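Given next are the chains, with one letter for each unit.
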Amino acid sequence: MIKEYDQITALHYAAYRPSLHKNILKTYLPTTPKSNYGLDIGCGTGQSAIALSKFCNTVVGVDPSKEMIKKSIKHTGVSYESMETKTLNFDSDRFDIITFAGSLFYAKSQELLDECIRVSKANSLIIAYDFEILLTDILKLLGVDTETDVTSGYDHEINFSGLHTTNVHLNSQYKQSIRLDITVADLAHVLLSSKNDYITMANTFGTENLFEKLQQELENKLNTTHTTIKANTFLNAYTVKKNMGCKDYFLRFINSASISFSVKPFACKSIR
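Description of the structure in this document. (Residues numbered from 1 in each chain as written. Predicted model: local features only at pLDDT ≥ 70, side-chain atom pairs only at ≥ 80, totals over all residues. Heavy atoms only, no water.)

### Here's the deal with the pattern of salt bridges
Going through the model one piece at a time under the given rule, you end up with 5 salt bridges. Here D93 and K242 are joined by a salt bridge, their closest N and O atoms 2.5 Å apart. A residue pair is termed long-range when its members are at least 10 positions apart, and D93 in the loop between β3 (78–82) and β4 (95–101) and K242 in the loop between β7 (226–240) and α11 (246–256) qualify at 149 residues. Among the residues examined, D93 registers a relative accessible area of 44% and is labelled partly exposed. Where R118 meets E115, a salt bridge forms, and the shortest distance between an N and an O atom there is 2.9 Å. Taken together, the residues R118 and E115, both in helix α6 (residues 110–119) and 3 residues apart, mark about one turn of the helix. Here R118 falls in the partly exposed class, since its relative accessible area comes to 26%. (Salt bridge = Lys/Arg side-chain N within 4 Å of Asp/Glu carboxyl O. Helix = DSSP H or I, 4+ residues; strand = E, 2+ residues; numbered from the N terminus. Buried < 20%, exposed > 50% of the residue type's maximum accessible area, 1.4 Å probe, protein only.)

What follows is the structure, encoded as structure tokens:
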């Protein structure tokens, strides 16, 4: 993620992101009752963490890009931390929901999945979701040659397949197509929010006053200040399965029992 965004693209990324995060999560998560703790990995400037706060009382957003964290959006119940390594700096069994909003492609590893499982409560959720703004028609309208465009290899549908997933179970997986109303100014921000597209726009229109030039060109070509674009949304939802050790099982039984008694310590094998 750090290589994908520099200071300029981070500004455009922070200026506008399509408000799809909450809508995607809403297709799977109930809004009431709220869960207690949520973790958003690869939070960027905070849009996805704020979306998760609609479903959790307290949310922590983490991101390896210090530029993104500096520009993160303040929101009640949401805090942000820099993520230096794939080790999550949280206690075990803390989170009810963990989300990856367009970040799993960059972050996917066995080490990070194991860390997610460690900091998750039993039966908690890990959700990897994403959206793809379909810009081919807009690029053609701008005279950009999309036929010779080199693809980045980015996979919007990525999940944990290929990793050791004994402790997670895939509950839901889908792809949907939607239409998105957007202002031309926000569309210009979208076109300049990824490094590859920014370079393409800079090569076409020059770097000086690029945003203003691009906005004006879009308004001239579209003959409007508002338009509609297409997008695809993707979601993979997992439940975390944890084996309960004998001690944890016994303590849970004692805490839930309506009687009290004393017992001597004993040893036993983990309950599978």
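### Regarding the packing of aromatic side chains
Inspection of the entire model under this criterion finds 6 aromatic pairs. Centre to centre, the rings of F160 and Y238 are 5.0 Å apart; their planes meet at 55 degrees, and the pair counts as tilted. Taken together, the residues F160 in the loop between α7 (136–141) and β6 (168–183) and Y238 in strand β7 connect sequence positions 78 residues apart. With a relative accessible area of 2%, F160 lands in the buried category. By relative accessible area, which is 5% here, Y238 ends up buried. (Phe/Tyr/Trp six-rings, centres within 6.5 Å; stacked < 30°, edge-to-face > 60°.)

### A closer look at helix α8 (residues 184–191)
In terms of residue burial, α8 counts as a mostly covered element, since 6 of its 8 residues are buried. Among all positions of α8, only V184, L187, A188, H189, V190 and L191 are buried. Lining the buried residues of α8 we find α1 (7–15), α7, β6, α9 (195–205), α10 (210–222) and β7. (Contact = heavy atoms within 4.5 Å.)

### A short note on the pairing of β7
Counting buried positions along β7 gives 12 out of 15 residues, so the element sits mostly inside the fold. Across 10 bridges, strand β5 (residues 120–134) lies against β7 in antiparallel orientation. Looking at β7, one finds that I127 is bridged to A237. (Pairing = 2+ DSSP bridges.)

### Some remarks on a positive patch on the surface
Together, K22, K26, K34 and K54 make up a positively charged patch on the protein surface. Of note, K34 is situated in the loop between α2 (21–26) and β1 (35–41). (Patch = residues over 30% accessible without salt bridge, like charges linked within 9 Å, V, L, I, M, F, W, Y side chains within 5 Å. Areas by Shrake-Rupley, 256 points an atom, 1.4 Å probe, with all protein chains shown as cover. Lys, Arg positive; Asp, Glu negative; His and termini not counted. Charge placed at Lys NZ, Arg CZ, Asp CG, Glu CD.)

### What to know about the environment of K230
Turning to its location among the elements, K230 is positioned in strand β7. For K230 and L134, which are 96 residues apart along the polypeptide, the C-alpha to C-alpha distance reads 5.5 Å. When neighbours within four sequence positions are excluded, K230 is seen to be in contact with E132, I133, L134, I178 and R179.

### A few points about the environment of T87
Along the polypeptide, T87 turns up in the loop between β3 and β4. The spatial distance from the C-alpha of T87 to the C-alpha of L113 is 10.0 Å, given a sequence separation of 26 residues. When residues no more than four places from it in sequence are discounted, the contact partners of T87 are E111 and E115.

### Considerations on unusual backbone geometry
In this structure, P33 follows T32 across a cis peptide bond, with omega equal to -10 degrees. Of note in this structure, N123 is not a glycine but carries a positive phi near 70 degrees. By secondary structure assignment, the location of N123 is in strand β5. What makes N123 exposed here is its relative accessible area of 63%. The phi dihedral of N209 is positive, around 50 degrees, even though this residue is not glycine. For N209, the location among the structural elements is in the loop between α9 and α10. Note on N209: relative accessible area 48%, which makes it partly exposed.

### Notes on the sheet that holds β5
Taken together, 7 strands build an open sheet; the order of strands is β3-β2-β1-β4-β5-β7-β6 and the sheet is mixed. At either end of the open sheet lies a strand with only one pairing partner, and these are β3 and β6. Between one strand axis and the next, the sheet turns through 20 degrees on average, direction left out of account. Strands in contact with α6 are β1, β4, β5, β6 and β7; relative to β5, the strand with the most contacts, it is inclined by about 130 degrees. (Axes fitted to C-alpha atoms, helices over the stretch in contact; angles between N-to-C directions.)

### Here's the deal with the side chain of S48
The residue S48 is located in helix α3 (residues 47–52) in this model. Among residues more than four places away in sequence, those in contact with S48 are H21, D40, G42, C43, A101 and Y129.

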